[in-house]
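Below are the chains, spelled out letter by letter.
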Amino acid sequence: MRVIAGRARSLQLKTPNGPGTRPTTDRIKETLFNIIQWDIPGCIFVDLFAGSGGVGIEALSRGASYAYFVENGREAISCIEENLAFTKFSNNATLLKQDVFTALSMIHEKEVDFVFIDPPYHAGYEEEVFNLLLRQPYVTENTLIILEAEKDTKSDFLAGQGYEIVKEKVYKTNKHVFIKKV
């Protein structure tokens, strides 16, 4: 896995071993950032279930002013720390070493621009995460929430919670769902 574009372009990132972490592939990450690239410079980016930190680091490389990484896996935390140091983005990042449900209240920003959510498949965390995001003052109508999920994952629960799907990009085995708070 590598950084696709920006200041850290082409740098190889470490990834945790084993099936517990499923890094977003370079091809899918590139497609995602082609969609959101114009809003990245100067943004505040939150990477939930961060794994190796590849998505948040891509945002920093492309000009995000700050990124939060939330991860509670020991090996994944170590990878994020090493990747941030290697790409020289440690000063532009906070790594919250805890579960997402606790960490959401630890982010103290007036507003964040992006929240990227890539939970473990089949764990069923999506609805609870979106429920908690509704109560965070930094998630506003301007915040773009991006859910990475398996291709057949249903997101109909969002409508009843005060969210709307603004776009969906489907790949071979997974998809990105772009969501706004209404």
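What you are looking at is a predicted structure, and each value in this text was computed from that prediction instead of being measured.

Undergrad: How should the layout of surface pockets be read in this particular structure?
TA: A volume near 150 Å³ is recorded for the second largest pocket. Around the second largest pocket, the lining residues are Ile35, Ile36, Asp39, Cys43, Asp113, Phe114, Asn142, Leu144, Val166, Lys167, Phe178 and Lys180. Within the residue set of the lining of the second largest pocket, elements represented by two or more residues are α1 (26-36), β6 (163-170) and β7 (174-181). In terms of residue class, the lining of the second largest pocket is built from seven nonpolar, one polar and four charged.

Undergrad: What exactly am I supposed to notice about the pattern of salt bridges here?
TA: A side chain of one charge can pair with a side chain of the opposite charge if their charged atoms are brought near each other. Inspection of the entire model under this criterion finds seven salt bridges. In this structure, the salt-bridge partner of Arg2 is Asp26, at a minimum N-O distance of 3.6 Å. Remark: Asp26 occurs in helix α1 and Arg2 occurs in the segment before α1; sequence separation between them is 24 residues. Here the residues in one salt-bridge network are Arg2, Asp26, Lys29, Glu58 and Arg62, joined through shared partners.

Undergrad: What's the story with helix α3 (residues 74-87) in this structure? I'm lost.
TA: Because an α-helix completes one turn every 3.6 residues, residues spaced three or four positions apart along the sequence face the same direction. Here α3 contains 14 residues, and its C-alpha end-to-end distance of 20 Å stays within 8% of the 20 Å for a straight helix at 1.5 Å per residue. Listed as buried for α3 are Ala76, Ile77, Cys79, Ile80, Asn83, Leu84 and Thr87. For α3, the arc enclosing every buried residue in end-on projection is 160°, short of the 170-degree limit, so these residues lie on one face. In this structure, the buried side of α3 is in contact with α2 (54-61), β2 (66-70) and β3 (93-96).

Undergrad: So what exactly am I meant to see when it comes to the sheet that holds β3 here?
TA: Neighbouring strands of a sheet are bound in pairs by backbone hydrogen bonds; such pairs are parallel or else antiparallel. Judged by pairing direction, the sheet is mixed, and its seven strands sit side by side in the order β3-β2-β1-β4-β5-β7-β6 without closing on themselves. Unpaired on one side and paired on the other, β3 and β6 mark the two borders of the sheet. When strand polarity is set aside, the average angle formed by the axes of neighbouring strands in this sheet is 15°. Strands in contact with α1 are β1 (44-48), β4 (114-117), β5 (144-150), β6 and β7; relative to β7, the strand with the most contacts, it is inclined by about 30°.

What counts, and where the lines are drawn
- By convention here, each chain's residues receive numbers from 1 onward along its written sequence.
- A pLDDT threshold of at least 70 governs which residues receive local features in this predicted model, and a stricter bar of 80 or more applies before side-chain atom pairs are shown or counted, although totals over entire chains, interfaces and linings include all residues.
- The side-chain numbers reported here are obtained from all heavy atoms of the structure, hydrogens and water having been left aside.
- Within this scheme a cavity is a closed region of a 1 Å grid, computed over the protein atoms alone, that accommodates a 1.4 Å probe without allowing it to escape, whereas a pocket is open but has protein on both sides within 12 Å along at least five of seven lines; lining residues each have an atom within 4 Å of a point.
- Grid points are joined across faces, edges and corners, and a volume is the space filled by probe spheres set on the points.
- Only runs of H or I of at least four residues qualify as helices and only runs of E of at least two qualify as strands under DSSP, and these elements are numbered from the N terminus.
- Amino acid classes used here: Ala, Val, Leu, Ile, Met, Phe, Trp, Tyr, Cys and Pro are nonpolar; Asp, Glu, Lys and Arg are charged; the rest, including Gly, are polar.
- Salt bridge, as used here: a side-chain nitrogen of Lys or Arg that lies within 4 Å of a carboxyl oxygen of Asp or Glu.
- Here the expected span of a helix is defined as 1.5 Å times the quantity of residues minus one.
- Note on classification: 1.4 Å probe, protein chains only; a residue is buried when its accessible area is under 20% of the maximum for its type, exposed when over 50%, partly exposed between these limits.
- Directions are taken from the helix axis to each C-beta atom, and the arc is the one they span.
- Residue contacts follow a heavy-atom distance rule, with two residues in contact if any of their heavy atoms lie within 4.5 Å.
- Pairing between two strands is assigned when DSSP locates at least 2 bridges connecting them.
- Axis lines are fitted through C-alpha atoms, for helices just across the contact stretch, and the angle between N-to-C directions can take any value from 0 to 180 degrees.

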